[in-house]
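What follows is each chain in one-letter form.
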Amino acid sequence: MNAISHFFDAAAGRITDPILFLAADAAVKNQVISLWAADNARHAATFADRIDAFLSDAQVGYAFLTPQLYRIEAEVYMTKYPSFDITRFMSVDSSGDMWDVGTLVYSMDQVGQAEFLAGGAFDMPYASTKMAQATRNFHLAGIGYEWNTQEMQRAAKLGRSLSSDKALAAGLAADRFIYGIAMLGKTPRGDAEKGWTGFVNDANVPSAQVANDGTGPSRLWSAKTPDQILRDINEAITAVETGSGETMVADTLVLPTSSYNYIATTRVTDTGATILSFLQANNAAGESLRIIKSRALETAGTGSTKRLVAYANNSQVLKFHLPGPHQFLPAFQKGSMVYEVGGIMNVGGTEVRLPKGMVYRDSF
């Protein structure tokens, strides 16, 4: 309890330091949420004899709702949704705020080469960078939830705190929205409303199909030997280094989920290793290579085929702009029996800053 007391006031039933709370481990957070829920239930019970006042006095509704929303929102923001976690693929730039309108986007390439010179020459060659500049607008998006008086009255009558289910659903919807924008530049409905692309389909990233030398002939890994599959992958990894003039080394490889599972269960001939374990120990990037999987790559390639991505995973190469992470607004009464809790975020999309720090390989 001593550790909890640094950020939770048990007497008041309030978190006093949200930053320390979010930094705590899962067990401590759950303990705080449980204490908080119990306190909210006690608070709810004090309204049991004021049920009718919910309809005639808006202040009663606010008095019941507000302290419980603090707990609900804290529970939402401590909940993780691994299937929509974009930080596995790229850094997230949260500089700015909810009301920023945009940022400058730069793409860069190196140009110039050394030449032989005479002692008194006037034609010194120069190295330089070729820059492309554009603006990227940020756009406001939202997802919230609502409570009606009937639900609040029932909770008060039963002496229990409000459920966090609606707020958790809103948080999940926000993460799903951000994931779609980050990976494809599209909303969960599949709309490319802002004309953006994402991590798996940026037109500036060098792209090619894998070799057509499998049985058939075929590009599919199911028709290739383990050695051919390893060659396809290492060619993509090497292409980052050579394409960037050896200024970048691919430290991350992302495969379609089905392809990752295939190489994780297929043995390299005459060894006890799977293709995946052999690749992890023997690859063109070295021991630091990180291999992960994503469902977004299953149909991202040429002709809706599979695509892999090899890249240097740092903010110089790519980042996702999220100047205003999802947050809930204060509750307000929008109708005679309905209270709304709005949720907003300011989204800027995926920016590939150095396209040659990435490569796509398709059709396997």
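Above: the structure in question.
Overview of the structure. (Residues numbered from 1 in each chain as written. Predicted model: local features only at pLDDT ≥ 70, side-chain atom pairs only at ≥ 80, totals over all residues. Heavy atoms only, no water.)

1. Re the packing of helix α4 (residues 58-78) against helix α5 (residues 149-158)
The condition that has to hold: Lines fitted to C-alpha atoms define the axes here, with helix axes fitted over just the stretch in contact, and angles between the N-to-C directions of these axes take values from 0 to 180 degrees. Note on conventions: DSSP H or I runs of at least 4 residues are helices, E runs of at least 2 residues are strands, and numbering of each starts at the N terminus. If an angle is under 35 degrees, it is roughly parallel; if it is over 145, roughly antiparallel; if it lies from 65 to 115, roughly perpendicular; otherwise it is oblique. Contact criterion: two residues are considered in contact whenever any of their non-hydrogen atoms come within 4.5 Å of each other. Residues were grouped as follows: Ala, Val, Leu, Ile, Met, Phe, Trp, Tyr, Cys and Pro as nonpolar; Asp, Glu, Lys and Arg as charged; and all remaining residues, including Gly, as polar.
Running from N to C, α4 and α5 cross one another at 70 degrees; their axes reach a closest spacing of 11 Å. With respect to α5, the element α4 is oriented roughly perpendicular. From α4, Gly-61, Phe-64 and Leu-65 reach across to α5, where they touch Met-152, Ala-155 and Ala-156. Considering only residue class, the contact of α4 with α5 consists of 5 nonpolar, 1 polar and no charged.

2. Thoughts on the environment of Val-254
Mapped onto the secondary structure, Val-254 falls in strand β9 (residues 252-256). For the pair Val-254 and Phe-89, spaced 165 residues apart in the sequence, the C-alpha separation amounts to 8.2 Å. Once residues lying within four places of it in the same chain are set aside, the contact partners of Val-254 are Phe-89, Phe-199, Ile-292, Lys-293, Ser-294, Leu-297, Leu-308, Val-309 and Tyr-311.

3. Thoughts on the nonpolar core
Applicable threshold: As used here, the term nonpolar core means buried Ala, Val, Leu, Ile, Met, Phe, Trp, Tyr and Cys residues forming a set that is joined through side-chain atoms within 4.5 Å. Buried means the residue's accessible area, taken with a 1.4 Å probe over protein chains only, is under 20% of the maximum for its type, while exposed means over 50%, and partly exposed covers the values in between.
One finds Phe-89, Phe-199, Ile-233, Leu-253, Phe-320 and Met-358 to be the most contacted residues of the largest nonpolar core, which totals 61 residues. The contacts of Leu-253, once residues within four sequence positions are left out, are Ile-233, Leu-279, Leu-289, Arg-290, Ile-291, Ile-292, Leu-308, Val-309 and Ala-310. Membership of the second largest hydrophobic core comes to 23 residues, among which are Phe-47, Ile-72, Tyr-145 and Leu-162.

4. Focus: the sheet that holds strand β16 (residues 343-347)
Here is the rule: The pairing criterion for strands is at least two bridges between them, as found by DSSP.
Read from one edge to the other, the open sheet built from 3 strands follows the order β6-β16-β13, with strand pairing classed as antiparallel. Looking along the sheet, the strands with just one partner apiece sit at the ends: β6 (139-142) and β13 (324-328). Between one strand and the next, the sheet's axes are offset by a mean angle of 15 degrees, whatever the strand orientation. Relative to β16, β6 runs antiparallel, the two being bridged by 4 bridges. Bridging across to β16, Leu-140 finds its partner in Asn-346.

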